[in-house]
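Structural description and commentary
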Amino acid sequence: MFTGIIEGLGTISAIHPSGQGSRISIASDFDLTGTRIGDSIAVNGACLTAVTLQGNRFTVDVSPETLKRSVLGNIKLGERVNLERALRLSDRLDGHLVSGHIDGIGTLRERKTVANAIVITFGVGQPLSRYMIEKGSVAVDGTSLTINRCDSTTFEVSIIPHTAGLTTIGLKKVGDAVNIETDMIGKYVERFVLNREPSGRRSGKSDGGVDMAMLAKSGFI
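Residues numbered from 1 in each chain as written. Predicted model: local features only at pLDDT ≥ 70, side-chain atom pairs only at ≥ 80, totals over all residues. Heavy atoms only, no water.

Quick notes on the overall build of the protein
- From N to C terminus, the protein includes five helices and twelve strands.
- For the protein, whose C-alpha radius of gyration is 19 Å, the value lies close to the compact-globule estimate of 17 Å for 221 residues.
- Summarising its shape, the C-alpha atoms of the protein cover approximately 60 × 45 × 35 Å along the three principal directions.
- Considering the protein as a whole, with its 221 residues, one finds that 41% of them fall into the buried category.
- A separation threshold of at least 6 residues defines the contact pool for the protein, and within that pool the share at least 24 residues apart is 65%.
- Approximately 12000 Å² of the protein is accessible, and the part contributed by carbon and sulfur atoms is 53%. (Helix = DSSP H or I, 4+ residues; strand = E, 2+ residues; numbered from the N terminus. Rg over C-alpha atoms; globule rule 2.2 N^0.38 Å. Buried < 20%, exposed > 50% of the residue type's maximum accessible area, 1.4 Å probe, protein only. Contact = heavy atoms within 4.5 Å. Areas by Shrake-Rupley, 256 points an atom, 1.4 Å probe, with all protein chains shown as cover.)

Have a look at this one:
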């Protein structure tokens, strides 16, 4: 589990294809003291496991599913990436709850400066936008951001100078692809409200859980 508060940047130093997966080495800009082999590190928001560790350089194995669903499938040598080590139970939760499980890819559509902020519009598909709400949270390349406004195909965020300087979002240009993780709470609420089976089909029965009838009876709707 992560917070979306990026610790620092890293640089892709090696890429070794492994079947349909890949092994990627990353040189961190910051001290990794306390990190151990087997620890989780979010790389551009994707939760990965450190399988080797030497100084500030670590290596991760990336599965075919992660390569397919995230921008890591097109990562290049020398590319800069956001890094965040896993949340400890004693840490402050300054961003929002981020699982590190990428939902899909968005594209930077527009970038403009408004006063001291960079206002960025990203394009996304409906499977992602359905879980976005105005003033809700979203993780973009692992960075916790607040949604200014959104519709079925786009959402807008404001980037303060601090965030632009400490994360890769300050380097992004129009047309660049980014990892998107929507707020996990919305996905769980939808599952409970629609009373879906694991396959995604409506079960057609009530099991005493959360459904529209229960919400209405309890005065929530």
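Structural notes on the pairing of strand β2 (residues 21-28)
- Of all eight residues that make up β2, six are buried, and the element is covered over most of its length.
- Relative to β2, strand β1 (residues 8-18) runs antiparallel, the two sharing eight bridges. When the bridges of β2 are listed, Gly-10 appears paired with Ser-28.
- Hairpin connection from β1 to β2: two residues lie between these consecutive antiparallel strands, with Gly-19 at a positive phi of about 65 degrees.
- Bridge analysis of β2 against strand β5 (residues 57-62) gives six bridges, and the strand direction is antiparallel. Each residue of the ladder has a partner; that of Ile-26, found in β5, is Phe-58. (Pairing = 2+ DSSP bridges.)

Section: the nonpolar core
- Counting residues in hydrophobic clusters, the biggest one holds 19 residues, and the most contacted among them are Ile-26, Val-43, Phe-58, Leu-72 and Leu-83.
- When residues of this core are traced back to their parent elements, those giving at least two are β2, β3 (40-43), β4 (46-54), β5 and β6 (80-85).
- Ignoring anything within four residues of it in the chain, the contact list for Phe-58 reads Ile-24, Ser-25, Ile-26, Leu-32, Ile-41, Val-43, Thr-52, Leu-53 and Leu-83.
- Ranked by size, the runner-up nonpolar core spans 18 residues in total, among them Phe-122, Leu-145, Ile-159 and Ile-169. (Core = buried A, V, L, I, M, F, W, Y, C linked by side-chain atoms within 4.5 Å.)

Some remarks on the sheet that holds β3
- Spatially, β1-β2-β5-β4-β3-β6 is the arrangement adopted by the six strands of the closed barrel, whose pairing is antiparallel. Neighbour to neighbour, the strand axes of the sheet diverge by 45 degrees on average, direction disregarded.
- Inspection of the sheet shows β3 paired to β6 by three bridges, in the antiparallel sense. From the neighbouring strand, Ile-41 faces β6, where its bridge partner is Arg-85. (Axes fitted to C-alpha atoms, helices over the stretch in contact; angles between N-to-C directions.)

Here we look at the pattern of salt bridges
- As enumerated under the stated definition, the model contains nine salt bridges in all.
- For Arg-80, the salt bridge identified is with Asp-29, shortest N-O distance 2.5 Å. Remark: Asp-29 occurs in the loop between β2 and β3 and Arg-80 occurs in strand β6; sequence separation between them is 51 residues.
- Of the residues examined, Arg-80 reaches a relative accessible area of 28% and is grouped as partly exposed.
- Judged by its relative accessible area of 48%, Asp-29 falls in the partly exposed class.
- In this structure, Lys-173 engages Asp-176 in a salt bridge whose closest nitrogen and oxygen atoms are separated by 3.8 Å.
- Given the relative accessible area of 21%, Asp-176 is considered partly exposed. (Salt bridge = Lys/Arg side-chain N within 4 Å of Asp/Glu carboxyl O.)

Quick notes on the sheet that holds strand β10 (residues 143-150)
- Strand order in the closed barrel formed by six strands is β7-β8-β11-β10-β9-β12, and the pairing between neighbours is antiparallel. When strand polarity is set aside, the average angle formed by the axes of neighbouring strands in this sheet is 45 degrees.

Quick notes on unusual backbone geometry
- Positive phi outside glycine occurs at Lys-135, with the angle close to 70 degrees.
- Looking at the secondary structure, you find Lys-135 in the loop between α2 (126-129) and β9 (137-140).
- Residue Lys-135 is classed as exposed on the basis of its relative accessible area, which comes to 56%.

Concerning a nonpolar patch on the surface
- On the surface, Met-1, Leu-93 and Leu-97 cluster together to form a nonpolar patch covering roughly 260 Å² of accessible area.
- With respect to the element layout, Met-1 can be found in the segment before β1. (Patch = residues over 30% accessible without salt bridge, like charges linked within 9 Å, V, L, I, M, F, W, Y side chains within 5 Å.)

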